[in-house]
Amino acid sequence: MAGYDDRDGVIWMDGELVDWREANVHILSHAMHYASSVFEGERAYNGKIFKSREHSERLIASAEALDMPMPYSVDQIEAAKEEALKASGLKDAYVRALVWRGSGEDMGVASARNPVRMAIAVWPWGAYYGDAKMQGAKLDIAEWKRPSPETIPVHAKAAGLYMICTISKHKAEAKGCSDALFLDWRGYVAEATGANVFFVKDGEVHTPLADCFLNGITRQTVIEMLKEKGVTVHERRIQPEEMADFEQCWLTGTAAEVTPVGQIGDYTFDVGDLTREIAEDYEKLVRA
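Just so we're clear, the structure is a prediction, and the values are computed from it rather than from any experiment.

Asker: So, the overall build of the protein chain: which residues are in play, and what are the values?
Answerer: Helix and strand counts for the protein chain come out as seven helices and 15 strands. For the protein chain, the C-alpha radius of gyration of 19 Å lies close to 19 Å, the compact-globule estimate for 288 residues. A principal-axis box enclosing the C-alpha atoms of the protein chain has dimensions of 55 × 40 × 35 Å. Each of the 288 residues in the protein chain was classed as buried or not, and the buried ones make up 49%. A sequence separation of at least 24 residues applies to 68% of the contacts in the protein chain between residues at least 6 apart. Accessible surface, the protein chain: about 13,600 Å² in total, of which carbon and sulfur atoms supply 50%. Of note, the protein chain has its 32 positive side-chain charges centred 0 Å away from the centre of its 46 negative side-chain charges.

Asker: How would you explain the pattern of salt bridges if you had to name every residue and give the values?
Answerer: Under the definition given, this model contains 22 salt bridges. When the shortest N-O distance is used, the salt bridge between Asp6 and Arg21 registers 2.7 Å. Of the two residues, Asp6 is situated in the segment before strand E1 (10–13) and Arg21 in the loop between strand E2 (16–19) and helix H1 (30–34); the sequence distance between them amounts to 15 residues. Using a relative accessible area of 34% as the deciding quantity, one classes Arg21 as partly exposed. Its salt-bridge partner being Lys175, residue Asp140 comes within 3.1 Å of it at the nearest N-O pair. Here Asp140 is found in strand E7 (residues 137–146), whereas its partner Lys175 is found in the loop between helix H5 (163–174) and strand E8 (179–184), with 35 residues between them in sequence. In the salt-bridge network here, residues are joined through shared partners; they are Asp184, Arg186, Asp211 and Arg237.

Asker: Which residues make up unusual backbone geometry, and what values go with them?
Answerer: Non-glycine residue Ala35 carries a positive phi angle of around 55°. You can see Ala35 is positioned in the loop between H1 and strand E3 (37–45). With a phi angle near 55°, Asn46 is a residue other than glycine that sits in the positive phi range. As for its position among the elements, Asn46 is in the loop between E3 and strand E4 (48–49).

Asker: How would you sum up the environment of Ser62? Please name residues and give values.
Answerer: Looking at where Ser62 falls in the secondary structure, it is placed in helix H2 (residues 52–65). Using a relative accessible area of 1% as the deciding quantity, one classes Ser62 as buried. Spatially, the C-alpha atoms of Ser62 and Arg287 are 27 Å apart, while their sequence positions differ by 225 residues. Once residues within four sequence positions are removed from consideration, Ser62 is found in contact with Val38, Ala156 and Lys157.

Asker: Residue-level account of the nonpolar core, with values.
Answerer: In this structure, Met70, Val99, Met118 and Ile120 are the most contacted members of the largest nonpolar core, which totals 26 residues. Every element with two or more residues in this core is listed here: E3, H2, helix H3 (74–88), strand E5 (93–101) and strand E6 (116–123). Here this core takes five residues from H3, the largest share from any one element. Once residues lying within four places of it in the same chain are set aside, the contact partners of Met118 are Trp12, Met13, Asp14, Leu59, Met70, Tyr72, Ile77, Leu98, Val99 and Trp100. The next biggest cluster of nonpolar side chains, apart from the first, holds 19 residues, and it includes Ala192, Ile238, Phe246 and Ile264.

Asker: Describe the sheet that holds E2, and please don't skip the residues or the numbers.
Answerer: The strand order across the open sheet formed by six strands is E2-E1-E6-E5-E3-E4, and the pairing between neighbours is antiparallel. Only two strands of the sheet have a single partner each, and these edge strands are E2 and E4. Where H3 meets the sheet, it contacts E1, E2, E3, E4, E5 and E6, and its direction lies at approximately 35° from that of E6.

What counts and how
Residues numbered from 1 in each chain as written. Predicted model: local features only at pLDDT ≥ 70, side-chain atom pairs only at ≥ 80, totals over all residues. Heavy atoms only, no water. Helix = DSSP H or I, 4+ residues; strand = E, 2+ residues; numbered from the N terminus. Rg over C-alpha atoms; globule rule 2.2 N^0.38 Å. Buried < 20%, exposed > 50% of the residue type's maximum accessible area, 1.4 Å probe, protein only. Contact = heavy atoms within 4.5 Å. Areas by Shrake-Rupley, 256 points an atom, 1.4 Å probe, with all protein chains shown as cover. Lys, Arg positive; Asp, Glu negative; His and termini not counted. Charge placed at Lys NZ, Arg CZ, Asp CG, Glu CD. Salt bridge = Lys/Arg side-chain N within 4 Å of Asp/Glu carboxyl O. Core = buried A, V, L, I, M, F, W, Y, C linked by side-chain atoms within 4.5 Å. Pairing = 2+ DSSP bridges. Axes fitted to C-alpha atoms, helices over the stretch in contact; angles between N-to-C directions.

Listed below in C-alpha cells is the structure:
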C-alpha cells in the first residue's frame, strides 16, 4: 500500500478540495514546531458519519482550549465533512478533521498572528487492532503517565497529548502487544493510547473516571448502551491491582470501536458474553 502522502483522491483544505498529493503545508507551520493542533477521528458507516455533530462540537472546544479561534462553525464543519466524504466515494471510511496554527508572522511560542487552518481527509480503515476483536488484544503497561489537569488541557483532543502515546505504543508493539495502558499521575488506571477502557466484575461494569483524559464519544455511547440494558456502570478511580479481580475487559474508541482485551501486563481476562454482546450491539448501532 502506498504511503498516506501518495494516494489518489482529494482532501478538503481551507474550504477547497485539493489533490491528495498536493495537500501540503509549509515547514514553518507553527503546529509542526509547537504542537498547536487539534483533531477528530470519526468513522462513517453506510455513508453516514457516526455522532458527527458531537465530533464537530468537540473539535471547536479543543481549539478554544488551545486558544485557537475557529474559522468555521459547527454547521460549516458538518458541511465540509459531508463534502469530503462524498468526494472520497467511500461509504465506510475513517474521517480525520484537523485544525492547526499555520505559518505566518510568528515563529516563536506565541502565534496569535498566524492563521488557523483546517483540513479533512477521508480514507478506508479496517479494524484498528486487527484480529483482536476475536481473540482479545494484549496490552503493555506504559511507563509514562497521564498528566494532571493542572499541567495541560487534558480534555482537549490535542496533538501534543499524543506524544507519550506514540512512545508507549511503539514500546508495546516491540514487546508483541497491540497497545499500552496508561496510569494517571496519581497511579490510577486511566486509558489506552487511543481508547478508553472498561472492566467487568460480577455482572457490573467499572470504567475509570474521565477526570484527566478524554471522555470519549464512543465511551459515552457504550455507557448509555449498558445503562439501557440495566447493567450497573461504576465510573470511578481504579487501582491497578484491582485488575487481578476483573473478569472481562474491553476498549472503546472511534478507531477501536469496541475491542475485547485478553491481557494487560500480567493480568488476564476472558472475552466473555457481555463483551461480545456490547461489541455486537455497537456494530448494529453504528450501522442502523
